[in-house]
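Fold and geometry: a report
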Amino acid sequence: MGYTFDFGAVFDRAPELFWGSLGTLGLACAGMLLALVIGILGVAVRTSKIAWVRAPIIAFVEVVRNTPFLVQIFFIYFALPLMGIRLNPTITAIIALGINGGAYAIEIIRGGVESISKGQVEAGLALGLHKADVFRLIVLKPALRAIYPSLTSQFVMLTLTTSVCTSIAAYELTSAAQRIESDTFRSFEVYFTVTAIYLVISSLMMGIFALISRSYFNYPTR
């Protein structure tokens, strides 16, 4: 083939990859937090018995889940300035990630909430608990335990989706890799290394999620 592999050019730029990885983790964590907030609030509205209250959430979920994330982030980045709202790429990326992840979180959490027996809710109300406490303690926590694996898998996917944020110049791992590749012309070496880093990040997050599961959801159900 005549191609000589040279990872030295990549290792020389290791600090940039390190800071890019931190940028990816920062976007992912902020996006996950926003997605979780949107998911929980969305489910609270989505489960309303009033049709016109549920309708906007249903429409939001359908629109987000049936359009590409790249289109969503471009829409937010280019549409908001037309309304006089100007955000830097990092904030825009976090909002886009939160909205995208939130739409999926709503449906995942809703499935868990609907698995809770109505008898448990009625028992909580009979004990004099406020509706908010019933939702938080009797409905939400057991529901989160039931859907935790699905929710965390979605969050790992959201972490990998941060690579798309390079399209609006948000600083993260892929954008750092693109800069290094354009300077060194070592495409294979750069993206081979980046692939390995993404695998490490995903494994790290799955390990953290497993620790959280053992710490907060490891209790008997009967």
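A brief structural summary. (Residues numbered from 1 in each chain as written. Predicted model: local features only at pLDDT ≥ 70, side-chain atom pairs only at ≥ 80, totals over all residues. Heavy atoms only, no water.)

**Looking at the overall build of the protein chain**
Looking only at helices and strands, the protein chain features 9 helices and 0 strands. N-terminal to C-terminal, the α/β element order of the protein chain is α-α-α-α-α-α-α-α-α. On the principal axes, the C-alpha backbone points of the protein chain span a range of 75 × 45 × 30 Å. By residue count, 39% of the 222 residues in the protein chain fall in the buried class. A sequence separation of at least 24 residues applies to 78% of the contacts in the protein chain between residues at least 6 apart. Approximately 12700 Å² of the protein chain is accessible, and the part contributed by carbon and sulfur atoms is 68%. Within the protein chain, the 12 negative side-chain charges are centred at a point lying 17 Å from the centre of the 16 positive side-chain charges. (Helix = DSSP H or I, 4+ residues; strand = E, 2+ residues; numbered from the N terminus. Buried < 20%, exposed > 50% of the residue type's maximum accessible area, 1.4 Å probe, protein only. Contact = heavy atoms within 4.5 Å. Areas by Shrake-Rupley, 256 points an atom, 1.4 Å probe, with all protein chains shown as cover. Lys, Arg positive; Asp, Glu negative; His and termini not counted. Charge placed at Lys NZ, Arg CZ, Asp CG, Glu CD.)

**A look at unusual backbone geometry**
Only a minority of non-glycine residues have a phi that is not negative, and only a minority of peptide bonds are not trans. Unusually for a residue other than glycine, A169 sits at a positive phi of about 70°. In this fold, A169 is placed in the loop between helix 7 (131–161) and helix 8 (173–184). On the accessibility criterion, A169 (52% relative accessible area) is exposed. Phi is positive for F185, close to 60°, though the residue is something other than glycine. Relative to the assigned elements, F185 resides in the loop between helix 8 and helix 9 (187–216). With a relative accessible area of 65%, F185 lands in the exposed category.

**Concerning the nonpolar core**
One finds I109 and C165 to be the most contacted residues of the largest nonpolar core, which totals 47 residues. Listed by contribution, the elements that provide at least two residues to this core are helix 2 (14–46), helix 3 (51–65), helix 4 (69–79), helix 5 (89–114), helix 7, helix 8 and helix 9. Not counting residues up to four positions away in its chain, the partners in contact with I109 are L36, G39, I40, V43, L140, L144 and I147. (Core = buried A, V, L, I, M, F, W, Y, C linked by side-chain atoms within 4.5 Å.)

**Here's the deal with the packing of aromatic side chains**
Taken as a whole, this structure holds 7 aromatic pairs when the rule is applied. Seen in terms of ring centroids, F7 and F11 are 6.2 Å apart; in terms of plane orientation they differ by 25°. Their pairing is stacked. Taken together, the aromatic side chains of F5, F7, F11, F188 and F192 make up a single cluster linked through ring pairs. (Phe/Tyr/Trp six-rings, centres within 6.5 Å; stacked < 30°, edge-to-face > 60°.)

**A look at helix 8**
Here helix 8 spans 16 Å end to end across 12 residues, near enough to the 16 Å set by a 1.5 Å rise per residue. The inward-facing, buried residues of helix 8 abut helix 2 and helix 9. Two or three places before T174, at the start of helix 8, stands the capping residue E172, its side-chain oxygen 2.9 Å from that residue's backbone nitrogen. Directly after helix 8, the chain includes F185, whose backbone phi takes a positive value near 60°. (Expected span 1.5 Å × (residues − 1). Polar contact = N/O pair within 3.5 Å; in protein donor to acceptor, adjacent residues only side chain to side chain.)

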